[in-house]
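Below are the chains, spelled out letter by letter.
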Amino acid sequence: MTNLTILGSTGSIGVSTLDVVGRSPQAYRVYALVAGSNVDVLARQILEFKPKVAVLATAEARLHLISRLEELSLPKKHWPELAFGPQARVDAAIAPEVDFVLSAIVGVAGLEATYEAICAGKRLGLANKEVLVASGQLVVDAAKRQATELIPVDSEHNGAHQCLRAGKRAEVARLILTASGGPFRETSKEQMASVTPAQALNHPTWKMGQRITIDSATMMNKGFEVIEACWLFDFSADEVDIVVHPQSTVHAMVEYLDGSVIAQISATDMRMPIQYALTYPAREPAPVPRLDWTQRRSWTFDAPDFDRFPALRLAYSALRAGGSSTCTLNAADEIAVEAFLSEDISFPAIADVVEETLQRVPNRKAASVAEVLEIDAKSRLAARQIVKEKAAVGRSPRTSADALVRLPG
Ligand code: NAD
Ligand code: MG
């Protein structure tokens, strides 16, 4: 019996995780469900999975959950302990009862609990790539210290994890991550200037949370994934390539020294990598239809377009710069994506905001998670300022950008 804490249980990955878990009640018990503010989904999950602990982001959300559980007439003796806030997220991840933590909160809100779970030696399924983008060195060092394995849930990294089992790490020449190319794979630069949030949210192959869906449209997601891969598998930026594969069925490929390429292929369904992470190194039948090889299918592979998708270039250069650059990359992108979704900036301006934020926020080394969070906060502040300037320019063609603000280091 594996005792689980699910960080981000109400999101796309969290819901898929509980689907896998719910099919094997003999194998899993849910210790804690951790979410942001989606009280309705969390209340239903509590009814079904009867966790010991439920954590929300705020006191207000916790009060909403209490009224929801009262409406659902759940007898008080079946109520979990109800908590909220960052420390409660950490406590839920490090509790001695917990064997496995599935990290699927979106953004740096999931960093502390994920990091502390690793420091407490928990086995970890990692969906939250922003944890490694913002804080790769600290996270990987902690995992090494604790001899904890981080099992990737991100489909490409999960695929790479499987391909890497085919040979010795020293015999690997490079890693190839596939990218769907998103909804604008064939959209011209001119057309991209006027795409709407609804168009950008319409991903062709995956149904995911809003942030990652927009990141897939800009391809920043693939940039994050290159960074994630370098930390997970100890590659340099030059050893990780991206190939556009719109069918999203080949998830990753590993090229060995002799030129042989091992690919991981499976249905486009996140329950596959989630289950792999939960059962590794064992394999179990998965609740996902097998690929039907009697049907004719065509797969295509193309080089990515760094000109139409400047986010890719920004991610590679932040990775090469090292230090806190990738933390700033992630923070700025989160703010820029929010601003695009609320129609304050255009789609191409997302990459502009990220690029300008990287120029304004000094790169430095972070020695602790607290320092990472401090750099994250500074980067957000700078990105918000840049968004404001761009929104002002957008509203009035005569207004020039406000004076550049250079933040202290
Ligand atoms: P989502 O937006 O659907 O869900 C995010 C979850 O995080 C929700 O449960 C939400 O309540 C919770 N959350 C948000 N802010 C919080 C806070 N302050 N405190 C506590 N909980 C908070 O996102 P998703 O698509 O499930 O993605 C989750 C993570 O997995 C992301 O890092 C994403 O990049 C990664 N990922 C997702 C997919 C996918 O198919 N959805 C694939 C690969 C990687
Ligand atoms: Mg992915």
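Going by the structure above, here's the rest.
Small disclaimer: the values here were computed from a predicted structure and weren't measured. (Residues numbered from 1 in each chain as written. Chains lettered and ligands numbered in written order. Predicted model: local features only at pLDDT ≥ 70, side-chain atom pairs only at ≥ 80, totals over all residues. Heavy atoms only, no water.)

## As for the sheet that holds strand β11 (residues 261–265)
- Taken together, four strands build an open sheet; the order of strands is β9-β8-β10-β11 and the sheet is mixed. In this open sheet, the two strands that pair with only one neighbour each are β9 (240–244) and β11. Taken over all neighbouring pairs, the strand axes of this sheet differ in orientation by 20° on average, direction set aside.
- By the bridge criterion, five bridges tie strand β8 (residues 172–179) to β9 in an arrangement that is parallel. (Pairing = 2+ DSSP bridges. Helix = DSSP H or I, 4+ residues; strand = E, 2+ residues; numbered from the N terminus. Axes fitted to C-alpha atoms, helices over the stretch in contact; angles between N-to-C directions.)

## Side note on the coordination of the magnesium ion (ligand 2)
- In the first shell of the magnesium ion (ligand 2), the protein supplies D154 (OD), E156 (OE) and E225 (OE), at 2.0 to 2.2 Å from the metal.
- Here the donor residues of the magnesium ion (ligand 2) share one chain and are spaced in sequence as D-x1-E-x68-E. One end of the pair, D154, is in the loop between β7 (150–152) and α7 (155–163); the other, E225, is in helix α11 (residues 220–233), with 71 residues separating them in the sequence. The pair D154 / E225 is uniform in exposure class, with both members buried. (Donors = N, O, S within 2.8 Å, 3.2 Å for Na, K, Ca; no water. Buried < 20%, exposed > 50% of the residue type's maximum accessible area, 1.4 Å probe, protein only.)

## Examining the packing of helix α6 (residues 130–146) against helix α14 (residues 325–341)
- For the pair α6 and α14, the least separation of the axes is 7 Å and the interaxial angle reads 155°. In terms of axis orientation, α6 runs roughly antiparallel to α14. Between α6 and α14 the crossing geometry is left-handed. Residues E130, V133 and A134 of α6 pack against T326, C327, L329 and N330 of α14. (Parallel < 35°, antiparallel > 145°, perpendicular 65-115°, else oblique. Left-handed = near helix turned anticlockwise from the far one by under 90°. Contact = heavy atoms within 4.5 Å.)

## Topic: the site of ligand 1
- Looking at ligand 1, there are 23 residues lining it, with T10, S12, G36, E130 and G209 nearest.
- The contact in question runs from an oxygen atom of ligand 1 to an N or O atom on the backbone of S12, over 2.9 Å.
- Contacts to ligand 1 include A35, whose backbone N or O atom sits 3.4 Å from a nitrogen atom.
- Here ligand 1, which alone exposes 830 Å², has 86% of that area covered by the protein. (Near = heavy atom within 4 Å. Polar contact = N/O pair within 3.5 Å; in protein donor to acceptor, adjacent residues only side chain to side chain. Areas by Shrake-Rupley, 256 points an atom, 1.4 Å probe, with all protein chains shown as cover.)

## Things to note about the environment of A315
- Topologically, A315 is positioned in helix α13 (residues 310–321).
- When the C-alpha positions of A315 and N221 are compared, they lie 9.2 Å apart, and in sequence the two are 94 residues distant.

## Re unusual backbone geometry
- A cis geometry characterises the amide bond from Y280 onward to P281, with omega recorded as 5°.
- In this structure, P281 sits in the loop between α12 (271–279) and α13.
- Its identity as a non-glycine residue notwithstanding, S73 has a phi of 50°, on the positive side.
- As for its placement among the helices and strands, S73 is situated in the loop between α3 (59–71) and β4 (81–84).
- With phi around 50°, A147 is a residue other than glycine that occupies positive phi space.

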